[in-house]
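Remarks on the overall topology
Below are the chains, spelled out letter by letter.
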Amino acid sequence: MALSNLPTIADYLAFLSRQPDELYALRKDLLIGVTNFFRDAEAFGLLYEKVLPRIFENKRREKEIRVWVAGCSTGEEAYSVAILMRKYADGLDEPYAIKIFATDLDKESIEYASQGVYSESINSHLSEEDVARFFIQDDGMFQVTKEIRKMVVFAPHNIIKDPPFSNLDLVTCRNMLIYLQPEMQFKVLSLFHFALTPEGFLFLGPSETIGKFTNQFEPIDRQWNIFAHKNAKAPSGSRSARMTGSIAPPSYRLKPELPAAAASPDVRGSAKTDQLLAALAEEHVPPSLVIDAGNDVVHLNGAINDYLLLAKGKPSLNVYKMVDAGLSVALSTALQKVRKEKREVVYRSLTVQTNAGQRVTDLKIRPFSLLHPEYDRHVLVLFEEPAQPAPLPALTLASADLAGTANTRIYELEQELRLTEETLQATVEELETSNEELQSTNEELVAANEELQSANEELQSVNEELVTVNTEFQFKIQELIELNNDINNFLVSTRIGTIFLDKRMCIRRFTPAITKEIHLMDVDYGRPIDHISHHFKNNALLDDARSVLQTLVPLEKEVQSKTGTWYSMRIMPYRTEDNFVSGVVLTFVDITELKTANEELQKLSYAIEQSPSMTMMTDTAGVVEYVNPQFTQVTGFGLEEVYGLNMRELSRWEDIDPSFEQLLATVERGETWTGELSGRTKQGGDYWESVKIIPIKDDAGRLIHFLKLSEDISERKNAEEMLRKTEMLSAVGQLAAGIAHEIRNPLTALKGFTKLMGVANDSKSSYVEIMMGELNRIEQIVSELLVLAKPQAVDFATKELEPIVQDVLMLLESQANLNGVEVVSELEPGLAVHCVENQLKQVFINLLKNAIEAMPNGGRIHVRSASGPEGRIGVRFSDNGPGIPESKLAKLGEPFYSTKEKGTGLGLMVSYKIIENHQGGIQFQSKEGVGTTVTIDLPAEA
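Residues numbered from 1 in each chain as written. Predicted model: local features only at pLDDT ≥ 70, side-chain atom pairs only at ≥ 80, totals over all residues. Heavy atoms only, no water.

The subject of this paragraph is the overall build of the protein. Check the secondary structure of the protein and you find 24 helices and 32 strands. Here the protein holds 942 residues, and 36% of them are scored as buried. The contacts of the protein with a sequence gap of at least 6 include a subset with a gap of at least 24, amounting to 59%. A total of about 56000 Å² of accessible surface is found on the protein, and carbon and sulfur atoms cover 53% of it. (Helix = DSSP H or I, 4+ residues; strand = E, 2+ residues; numbered from the N terminus. Buried < 20%, exposed > 50% of the residue type's maximum accessible area, 1.4 Å probe, protein only. Contact = heavy atoms within 4.5 Å. Areas by Shrake-Rupley, 256 points an atom, 1.4 Å probe, with all protein chains shown as cover.)

This structure, assessed with the given rule, holds 30 salt bridges. Note that lysine 59 and aspartate 169 form a salt bridge whose closest N and O atoms lie 3.3 Å from each other. Of this pair, lysine 59 sits in the loop between helix 3 (41-58) and strand 1 (64-70) while aspartate 169 sits in strand 7 (residues 168-173); the two residues are 110 residues apart in sequence, bridging distant segments of the chain. The pair formed by lysine 59 and aspartate 169 is uniform in burial state, with each residue classed as buried. Linking glutamate 558 and lysine 595 is a salt bridge whose minimum nitrogen-to-oxygen distance equals 2.5 Å. Of the two residues, glutamate 558 sits in strand 18 (residues 555-560) while lysine 595 sits in helix 14 (residues 592-609), which places them 37 residues apart along the sequence. A cluster of three or more residues bridged by salt bridges with shared partners is formed by Arg86, Asp90, Arg133 and Glu147. (Salt bridge = Lys/Arg side-chain N within 4 Å of Asp/Glu carboxyl O.)

This next bit is on the side chain of lysine 595. With a relative accessible area of 17%, lysine 595 lands in the buried category. Beyond its immediate chain neighbours, meaning those up to four positions away, lysine 595 contacts Glu558 and Trp566.

Next up on the list: helix 22 (residues 837-853). Because an α-helix completes one turn every 3.6 residues, residues spaced three or four positions apart along the sequence face the same direction. For helix 22, which comprises 17 residues, the first-to-last C-alpha distance of 24 Å matches the rise-based estimate of 24 Å (1.5 Å per residue) to within 8%. Those residues of helix 22 lying buried are Gln839, Leu840, Lys841, Val843, Phe844, Asn846, Leu847, Leu848, Ala851 and Ile852. (Expected span 1.5 Å × (residues − 1).)

This paragraph deals with the pairing of strand 21 (residues 614-618). On any regular strand, side chains alternate: one points to one face of the sheet, the next to the other face. Along strand 21, four of the five residues are buried, which leaves the element largely enclosed by surrounding structure. Summarising the sheet, strand 21 and strand 25 (residues 703-712) pair through five bridges and their orientation is antiparallel. Each bridged residue has a counterpart across the sheet, and for threonine 618 the counterpart in strand 25 is phenylalanine 706. Inspection of the sheet shows strand 21 paired to strand 22 (residues 624-627) by three bridges, in the antiparallel sense. Across the sheet, residue methionine 616 finds its bridge partner in strand 22, namely valine 627. (Pairing = 2+ DSSP bridges.)

Quick look at the environment of glutamine 842 now. Its place among the elements puts glutamine 842 in helix 22. Placed 69 residues apart in sequence, glutamine 842 and serine 911 show a C-alpha to C-alpha distance of 7.7 Å. The residues contacting glutamine 842, other than those within four sequence positions of it, are Val910 and Ile914.

What follows is about the packing of helix 20 (residues 801-811) against helix 22. Helix 22 packs onto helix 20 with a crossing angle of 45 degrees between their chain directions and a minimal axis gap of 10 Å. Looking at the two axes, helix 20 sits oblique to helix 22. Helix-helix and strand crossings are classified by hand; for helix 20 and helix 22 the assignment is right-handed. Note on element contacts: helix 22 touches helix 20 through Glu837, Leu840, Lys841, Phe844, Ile845 and Leu848, opposite Leu801, Ile804, Val805, Asp807, Val808, Leu809 and Leu811. Classifying every residue of the contact of helix 20 with helix 22 gives 10 nonpolar, no polar and three charged. (Axes fitted to C-alpha atoms, helices over the stretch in contact; angles between N-to-C directions. Parallel < 35°, antiparallel > 145°, perpendicular 65-115°, else oblique. Left-handed = near helix turned anticlockwise from the far one by under 90°. Nonpolar A, V, L, I, M, F, W, Y, C, P; charged D, E, K, R; others polar.)

To continue, consider the nonpolar core. Judged by nonpolar contacts, the single largest core of 47 residues is most densely connected at Phe135, Val152 and Phe154. Sort the elements by how many residues they give to this core and helix 4 (residues 76-90) lands first, with nine residues. Excluding its chain neighbours within four sequence positions, the residues that come into contact with phenylalanine 154 are Cys72, Gly75, Ala78, Tyr79, Ala102, Ile110, Ala113 and Ser114. Residues Ile804, Val805, Val910 and Phe924 belong to the second largest nonpolar core, which totals 37 residues. (Core = buried A, V, L, I, M, F, W, Y, C linked by side-chain atoms within 4.5 Å.)

Our next topic: unusual backbone geometry. Of note in this structure, phenylalanine 38 is not a glycine but carries a positive phi near 50 degrees. Counting through the fold element by element, phenylalanine 38 comes out in the loop between helix 2 (20-30) and helix 3. Look at phenylalanine 38 and you get buried, because its relative accessible area is 13%. Phi is positive for lysine 342, close to 55 degrees, though the residue is something other than glycine. By the secondary structure assignment, lysine 342 is in the loop between helix 11 (325-341) and strand 13 (345-354).

This next bit is on the sheet that holds strand 4 (residues 135-138). Here three strands make up an open sheet; going across it, the order is 3-5-4 and the pairing antiparallel. Both edges of this open sheet fall to strand 3 (117-118) and strand 4, since each of them pairs with a single strand only. Here strand 4 runs beside strand 5 (residues 141-144); their pairing, made up of four bridges, is antiparallel. Looking at strand 5, one finds that phenylalanine 135 is bridged to valine 144.

This brings us to the sheet that holds strand 6 (residues 152-156). The strand order across the open sheet built from seven strands is 6-2-1-7-8-10-9, with neighbouring strands paired in mixed fashion. The open sheet has two edge strands, strand 6 and strand 9 (217-221), and neither has a second partner. Sheet twist, expressed as the mean angle between neighbouring strand axes with direction ignored, is 20 degrees. Strand direction decides the pairing type here: strand 1 and strand 2 (residues 97-104), joined by seven bridges, are parallel. Its bridge partner being in strand 2, tryptophan 68 is matched across the sheet by phenylalanine 101. Of the strands in this sheet, strand 1, strand 2, strand 7, strand 8 (196-204), strand 9 and strand 10 (226-229) are in contact with helix 3, which crosses strand 8 at around 170 degrees. Along the sheet face, helix 5 (residues 107-115) touches strand 2 and strand 6 and points at about 160 degrees away from the line of strand 6.

Turning our attention to a negative patch on the surface. There is a patch of like negative charges on the surface, built from Glu429, Glu432, Glu436 and Glu437. With respect to the helices and strands, the residue glutamate 437 is situated in helix 12 (residues 398-493). (Patch = residues over 30% accessible without salt bridge, like charges linked within 9 Å, V, L, I, M, F, W, Y side chains within 5 Å. Lys, Arg positive; Asp, Glu negative; His and termini not counted. Charge placed at Lys NZ, Arg CZ, Asp CG, Glu CD.)

What follows covers the packing of helix 3 against helix 4. Each pair of packed helices gets described by two things: the angle between the helix axes and the distance between those axes. Viewed as axis vectors pointing N to C, helix 3 and helix 4 meet at an angle of 60 degrees, and their least axial separation amounts to 11 Å. Here helix 3 lies oblique to helix 4, going by the angle between them. Once helix 3 is placed against helix 4, the crossing between them reads as right-handed. Together, Phe44, Leu47, Tyr48, Leu52, Pro53 and Phe56 of helix 3 and Glu77, Ser80, Val81, Leu84, Met85, Lys87, Tyr88 and Ala89 of helix 4 make up the contact between the two elements. Residues that form the contact of helix 3 with helix 4 fall into these classes: 11 nonpolar, one polar and two charged.

In this structure the tally under the stated criterion is 22 aromatic pairs. When the centroid spacing of 4.9 Å and the interplanar angle of 40 degrees are considered together, the rings of phenylalanine 56 and tyrosine 88 count as tilted. Note that phenylalanine 56 is positioned in helix 3 and tyrosine 88 in helix 4, a separation of 32 residues in sequence. When the ring of phenylalanine 56 is compared with that of tyrosine 96, the centres are 4.9 Å apart and the planes differ by 70 degrees; the resulting orientation is edge-to-face. (Phe/Tyr/Trp six-rings, centres within 6.5 Å; stacked < 30°, edge-to-face > 60°.)

A separate point is a positive patch on the surface. Taken together, the side chains of Lys146, Lys150, Arg508 and Arg509 make up a positively charged region of the molecular surface. Only helix 7 (146-151) and strand 17 (507-510) provide two or more residues apiece to the positive patch. Tracing the backbone through its elements, the reader meets arginine 508 in strand 17. The exposure class assigned to arginine 508 is partly exposed, which follows from its relative accessible area of 37%.

Across its 18 residues, helix 3 extends 25 Å between first and last C-alpha, which sits within 8% of the 26 Å expected from 1.5 Å per residue. For helix 3, the full list of buried residues reads Ala43, Phe44, Leu46, Leu47, Val51, Leu52, Arg54, Ile55 and Phe56.

Note that all results are geometric; they support no functional claim without further evidence.
As structure tokens, this is what we get:
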């Protein structure tokens, strides 16, 4: 009420009528579902020892036992009873069908109980043997075995409203009645009494009683409230302990015996004493009958045969059918008085009809025993000879004889009248008692009739529901039949060998395809798989199956049979519809052809993967589908980077003749194209390859792929280019040497005369200066030519690179400022090289000066030095000038080739030569409109 913000119960009641969910939540809060396995173990022990033997004995003919567990909650009590009965039934020679109905009002509890899954806490209530036998452990949970779950049927049931089950041998309702009002308890107990068979038993909780039904049940154990139906018969062995002796047919005269109760235990077993008692009973005890509570004769004694008469029809031991009809009335009245008042009743001088005619006898009816409770309802009937009356004196008058006869007749009539009055009184009392019982019975019948009418209506409704459910089941059964036929046909027709194993590794089902390798027949269902021989070389099939069952991780591997056939074996857990693992499934797929083809493909794959040639496969449009590792090693591009790109994007097809389109047309005609191509690596470098493009056709002759095979010839190309440049430099050197020697001497003389002319003629000093500038330029060219012709003998020394670059930057700083160029340096300190300092400065000045002159309108130059891999040092000059066209990059460094209008082209050639003498290299990278980067690579000096 507080959670719903309702102040009064009336408000909450109205809220419940509007919100069915709240009513359900309230019921969940009020119901108590605390239970566990074998709660009150001693009570279940008594059930096993005292009740189950009698139940199984009573059902030894039908072999069917029915049990109702009312208020089963989450199922522990129902499973406990099932386990108890299964353990008892296993010890018997013949099988019994045991059906346990477990009901509860809570549908969620019923659904939970039907799963039969419990936590490891059950170990505290069950023995290790019971857990191992009746439970299956799975992921820390314990599930009741299918054998026990089949014995129990769970169903929702309202014990107050719904009709009960019937013909039950045992009803258990423990600790539920205490939550009901007395009226409801009475109703529920009456339902239990109605549901039980006459030999049934009732098992209640220790805090419950049977109340007013004490006359309907007899206790087996009052402490644990185990009761038997009042009509339940005790085993035959117990009945024989009450009364020994036998009933002799009236037509035979047998030696009478005394009742066993009259015999002393001290003399029992002694033959002499038995003879003594037999003689006593035969000679000194009058003829007598012993009658039980049902008025049946259980013992005869003395010369009793004269008083017994056989009735017509079926023989009976009832005393009223064994004596004269006139005696039956007196005997009936006397039996009631004796049992009620516990005293002797005597009828004197009764005339009875016997086998020897009419006889007068004294009839004495007394209690058989007042000391032994088991004979409390037994009665002893004695037939004694009447005492002889004293002889009358002789009378002479006839009137005297007449008076004596009249007196005798009057006495007889008085006796008969007294007997009749007593009989009438007993009959009236019996009628009154019977009337009271009939009234009570009538009231019960009226109540029972009302209940039966209500139950009949409910049964009619249930019957209609059952008809509907039955129709649905018919459809389901038909679907299952069709599905079963489909599965059977699938298993027979499939070429995949399959084996279904349960948790014990026993065969549940298999397909005919597997019999080729495993010797299975229909009679092998239920046999362990390790009992069956097979042709597989792998002897670990059983271990693999157990591993999958334990880890629930599927296993897939290839196995080979002794005939050479290869199979792909897959082992998976077998999961039921409710996601419980109940075994494993092994499938075997023949992969011999696939294995052979795969081996061939693997060989080809190894050949291509490990080939020193670059391999590329494309479709007929030139789109890349595959490249081998050698291609990746040379270019740096992986398959995932080039997949889907066109082949023309990975090489410079514009430098070749014919064009790319013409080349594709040639290959499409089935011809092979061969040539050389240049390409760019992922890092931006260039490489050369010798290419062969081959058309690939299928069996029908249709073109399906292009195969490009190529070899990296970059080293060969570089060697050829180096050889060309070396030969060119050698020729230039020889030419330069000749020119230098031929020009140097006249040039020296001209410079001297020019100086003299400048001194002598001041008016023309400007012309002289121009002439001197040109002569100095010619002298510089001659000096450079001499460097090319023959390197000067210089001394190499270890120098730090940073001061050398700083000197060059300082020298050209003013020129850079005049052109509006910003020079930024990033120099790593401590880098040393083995060099000729002036020559390195000459190279750096040449490169930096070319960069400044390339940006007359200003720009930015970045100079950076840093250590690189494998003991190398890199010096990089980067600018953002106009850049160099790609067509001119390849000619840089050739003699007399320059990108400047007034350049001689010898400066870069001399720089190449100097860096080469220093065992280094120069690399140019440029893009028009972006700028140029020159990288010098030198060996580092430690």
